[in-house]
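A structural walkthrough
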Number of protein chains: 4
Amino acid sequence: MKSEETIRRLKTIEGHLRGIIRMVEEDAYCIDIIRQIQAVEAALNKVSAQILESHLKSCVTTAIRGDDPNERERVMKEIVEVFEMSSKV
Amino acid sequence: MKSEETIRRLKTIEGHLRGIIRMVEEDAYCIDIIRQIQAVEAALNKVSAQILESHLKSCVTTAIRGDDPNERERVMKEIVEVFEMSSKV
Amino acid sequence: MKSEETIRRLKTIEGHLRGIIRMVEEDAYCIDIIRQIQAVEAALNKVSAQILESHLKSCVTTAIRGDDPNERERVMKEIVEVFEMSSKV
Amino acid sequence: MKSEETIRRLKTIEGHLRGIIRMVEEDAYCIDIIRQIQAVEAALNKVSAQILESHLKSCVTTAIRGDDPNERERVMKEIVEVFEMSSKV
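Quick caveat, the model's predicted, so the values are computed rather than measured.

**A word on the overall build of chain A**
Each helix and strand in chain A was counted, giving 3 helices and 0 strands. Relative to its length of 89 residues, chain A is extended, with a C-alpha radius of gyration of 18 Å against a globular reference of 12 Å. Dimensions of chain A, computed from the C-alpha atoms along their principal axes, are close to 60 × 30 × 15 Å. Counting the 89 residues in chain A, one finds 48% classified as buried. Long-range contacts, defined here as pairs at least 24 residues apart, represent 42% of the contacts in chain A between residues at least 6 apart. Summed over all atoms, the accessible surface of chain A reaches about 4,200 Å², with 50% contributed by carbon and sulfur. Side chains of chain A give 14 positive and 16 negative charges; the mean places of these two sets differ by 5 Å.

Structural data, given as structure tokens:
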């Protein structure tokens, strides 16, 4: 159910991206194209945040409540990694 | 020619995005999906930079060498705006 | 101990920032100043990631292992919020 | 004059950063510290945009109106570089 919402959003973004390709084909103004690309990136950030939220509620909760210290360590490390990367893209 | 390269890159990114939709449909691991979304964003940043470069060499150069102070002001303002936005997405 | 490391890093960044102020006072080349500001931002991102890591290992782990669903909900919501914000700054 | 405004803003940011160091020393809540660091980064982005604007109006305009193609090429390349980097920090 949650992933249907994610798929719906990603398909909207795919449509947006195809619109940008048409803009380039039709020789649209460069700055307008860059702005549309930035809008796609903002939309992708929202999807990532939504996926992270559902990840925290499922896998991360299970791992942290579980008995395996390596697994706990692993899920936390992954969150820090995507957090760090999110400021780089 | 330059825009063919841009179109080619954007189509590759579109394919990448479709791959991410498949990952969500097939219930892939959340963190792997987020990492792929971040890779798409990094690729979009490169395309934006490429478009900005060609914009600087064409429209911006024409405007700055031209006699219309409003036009010069306008192209510079746009660059500052996309620069500021680029750190927000 | 962990926070001593954070303080040490933040003080280094503060010194870096004071160096940038001197660059502006001495009329350094604009692009060099922007690059130094970007280096400060990259360093701040690293500190944030380090703080998030220690937050996950302490407060978040306690909350998720605890019995209060509101508290669990709260800590997860905060992580999603700082993750979303991290792509905007 | 313009650079006095930049210096004033950077000194405000320096004060903000010192406040964050105090927060860490006084063991403030991790998420609050991360949010303050993100506020500092947002403020730094604004200063960068302001510096870029004055750079465009001075050095870049001079170079683009000038007769040296290497110099024109150089200033444009630098703008693309800081633009690309701005999405990475």
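**A closer look at the relation of the copies chain B and chain A**
Of the transformation placing chain B onto chain A, the axial shift is 0.0 Å and the rotation is 180°, giving an RMSD of 0.0 Å. The symmetry that links the two subunits is that of a two-fold axis. In terms of proximity to the rotation axis, the leading residue of chain B is B:E41, whose C-alpha is 3.0 Å off the axis. Here 100% of the interface residues in chain B have copies in chain A that are interface residues too; the copies meet face to matching face.

**Comments concerning the interface of chain B and chain A**
Bring the parts together and some accessible area is lost; that lost area is often taken as the interface size. In this assembly, 41 residues from chain B lie in contact with 41 residues from chain A. Regarding the contact of chain B and chain A, the summed buried area is about 3,800 Å², with carbon and sulfur atoms giving 72% of it. Considering only the side of chain B, the residues that lose the most area to chain A are B:Y29, B:Q38 and B:V89, jointly responsible for 15% of the buried surface there. Joining chain B to chain A, the criterion identifies 6 salt bridges. Between A:E25 and B:K11 there is a salt bridge, with the nearest N and O atoms lying 3.9 Å from each other. For the pair chain B and chain A, the number of links is 8 residue pairs in polar contact (both at pLDDT 80 or more).

**Notes on the interface of chain A and chain C**
With 23 residues of chain A in contact, the opposing surface of chain C contributes 23 residues. Where chain A abuts chain C, roughly 2,300 Å² becomes buried across the two surfaces, and 71% of that area is made up of carbon and sulfur atoms. Connecting chain A to chain C are 2 salt bridges. Applying the counting rule to chain A against chain C returns 7 residue pairs in polar contact (both at pLDDT 80 or more). When residues of the side of chain A that touches chain C are traced back to their parent elements, those giving at least two are α2 (30–65) and α3 (69–86) of chain A. With 12 residues, α2(A) is the single largest residue contributor to the side of chain A that touches chain C. Counted by class, the side of chain A that touches chain C contains 10 nonpolar, 6 polar and 7 charged residues.

The rules we used
Residues numbered from 1 in each chain as written. Chains lettered and ligands numbered in written order. Predicted model: local features only at pLDDT ≥ 70, side-chain atom pairs only at ≥ 80, totals over all residues. Heavy atoms only, no water. Helix = DSSP H or I, 4+ residues; strand = E, 2+ residues; numbered from the N terminus. Rg over C-alpha atoms; globule rule 2.2 N^0.38 Å. Buried < 20%, exposed > 50% of the residue type's maximum accessible area, 1.4 Å probe, protein only. Contact = heavy atoms within 4.5 Å. Areas by Shrake-Rupley, 256 points an atom, 1.4 Å probe, with all protein chains shown as cover. Lys, Arg positive; Asp, Glu negative; His and termini not counted. Charge placed at Lys NZ, Arg CZ, Asp CG, Glu CD. Least-squares fit on C-alpha atoms with pLDDT ≥ 70 in both. Buried area = accessible area lost by both parts, 1.4 Å probe. Salt bridge = Lys/Arg side-chain N within 4 Å of Asp/Glu carboxyl O. Polar contact = N/O pair within 3.5 Å; in protein donor to acceptor, adjacent residues only side chain to side chain. Nonpolar A, V, L, I, M, F, W, Y, C, P; charged D, E, K, R; others polar.

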